[in-house]
There are 2 protein chains.
Amino acid sequence: MTENRISSPIPATAAGMCQLPCPMPDIVTLIGGKWKLIILQILIFNGTQRFGELKRQLDGVTQTMLTNQLRALERDGLVTRQIYAEVPPRVEYSATPLAQDLESVFYAMRDWWKRNQPPFG
Amino acid sequence: MTENRISSPIPATAAGMCQLPCPMPDIVTLIGGKWKLIILQILIFNGTQRFGELKRQLDGVTQTMLTNQLRALERDGLVTRQIYAEVPPRVEYSATPLAQDLESVFYAMRDWWKRNQPPFG
DNA sequence: TCCATTAGTATCAAAAACGATACTACCCCA
DNA sequence: TGGGGTAGTATCGTTTTTGATACTAATGGA
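Nothing here was measured: the structure is a model prediction, and the numbers come from that model. (Residues numbered from 1 in each chain as written. Chains lettered and ligands numbered in written order. Predicted model: local features only at pLDDT ≥ 70, side-chain atom pairs only at ≥ 80, totals over all residues. Heavy atoms only, no water.)

Caption draft 1: Structural view of the relation of the copies chain A and chain B. Laying chain A over chain B is done by rotating through 180° and shifting 0.0 Å along the axis; what remains is an RMSD of 0.0 Å. What the rotation and shift describe, once combined, is the action of a two-fold rotation axis. Distance from the rotation axis, computed per C-alpha, reaches its smallest value in chain A at Val105(A): 2.9 Å. Both copies present the same face, since 100% of the interface residues in chain A are matched by interface residues at the equivalent positions in chain B. (Least-squares fit on C-alpha atoms with pLDDT ≥ 70 in both. Contact = heavy atoms within 4.5 Å.)

Caption draft 2: The pairing of strand β3 (residues 90-95) of chain A, seen in detail. Residues and elements named next belong to chain A. In terms of burial, β3 is a largely internal element, six of the six residues being buried. Sheet analysis places strand β2 (residues 79-84) next to β3, joined by six bridges and oriented antiparallel. Across the sheet, the residue bridging to Val-79 is Ala-95, located in β3. Between β2 and β3, which pair antiparallel in sequence order, lie five residues. (Buried < 20%, exposed > 50% of the residue type's maximum accessible area, 1.4 Å probe, protein only. Helix = DSSP H or I, 4+ residues; strand = E, 2+ residues; numbered from the N terminus. Pairing = 2+ DSSP bridges.)

Caption draft 3: Quick look at the pattern of salt bridges. Enumeration according to the criterion identifies 10 salt bridges over all chains in this entry. The residue Arg115(B) makes a salt bridge to Asp101(A) at a minimum N-O spacing of 2.8 Å. Note that Arg115(B) is positioned in helix α6 (residues 103-116) and Asp101(A) in the loop between α5 (97-100) and α6 (103-116), a pairing that runs across two chains. Here Asp101(A) falls in the partly exposed class, since its relative accessible area comes to 23%. Among the salt bridges present, the one from Asp111(B) reaches Arg110(B), with a minimum N-O distance of 3.3 Å. A relative accessible area of 26% means that Arg110(B) is categorised as partly exposed. A single salt-bridge network, built from bridges that share partners, covers Glu86(A), Arg90(A) and Glu92(A). (Salt bridge = Lys/Arg side-chain N within 4 Å of Asp/Glu carboxyl O.)

Take it as geometry only, folks, not as evidence of what the structure does.
Structure below.
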């Protein structure tokens, strides 16, 4: 089994001495960027997806970019990659428990959006 | 008073047809990037700050960068800018109610971090 | 007179993010 | 024989983000 806990080499952040909720720089490193949150949301709420399936839902992402982002997410323990020895090739991506645990963050964002975005609340 | 509600011109996102929590591309546009979440966290949890005060807490940000990010946040209704006609000049930045309302997102992130990051949980 | 202070702006450079295109391998199928 | 389908990689170029540096205005104080 893979070790899905966060192991940051740099504990202290710029806001280390005050009572702020959490080390944002570390979090931004993990899930920041244009695609990661979108990818994670799909994997968490729509379940396992294969590469092309994911790409079709991403609207504008290039193959290279999607590969890069998935590799980074895999490296950070947020996504697993399952290769099937088939032809044509089949690779499936899933959210790890660590990523699944981000569910409440997405719900908090959804609630914020619903409260403040009248046309779609 | 300013209108602090989100007014996105593009309602539909790539994941419009499924039951995903919220339109991540729009949210990433608002609070994505290297600095915005860090700035917002400070303003929300530590209160109003003047420019230099903020800069000192940011660790590595340049003056230009901080100005840009604050301008963007102001434009999107997440931050207000209060200028005092003094010498030397004094400008104070505050989180708007719209930004304050993001509090639960930060708490969700903190909880996630605490659950999954043993050395600091 | 000159320096310190604060919050900038303007400009240029570097780095990172992002995108387009072309290429591979494999097997099936017509 | 040649195309389709999948999941890539490799390369290059562009665009965006980020950083470094120098500059401004205004006033008080040494």
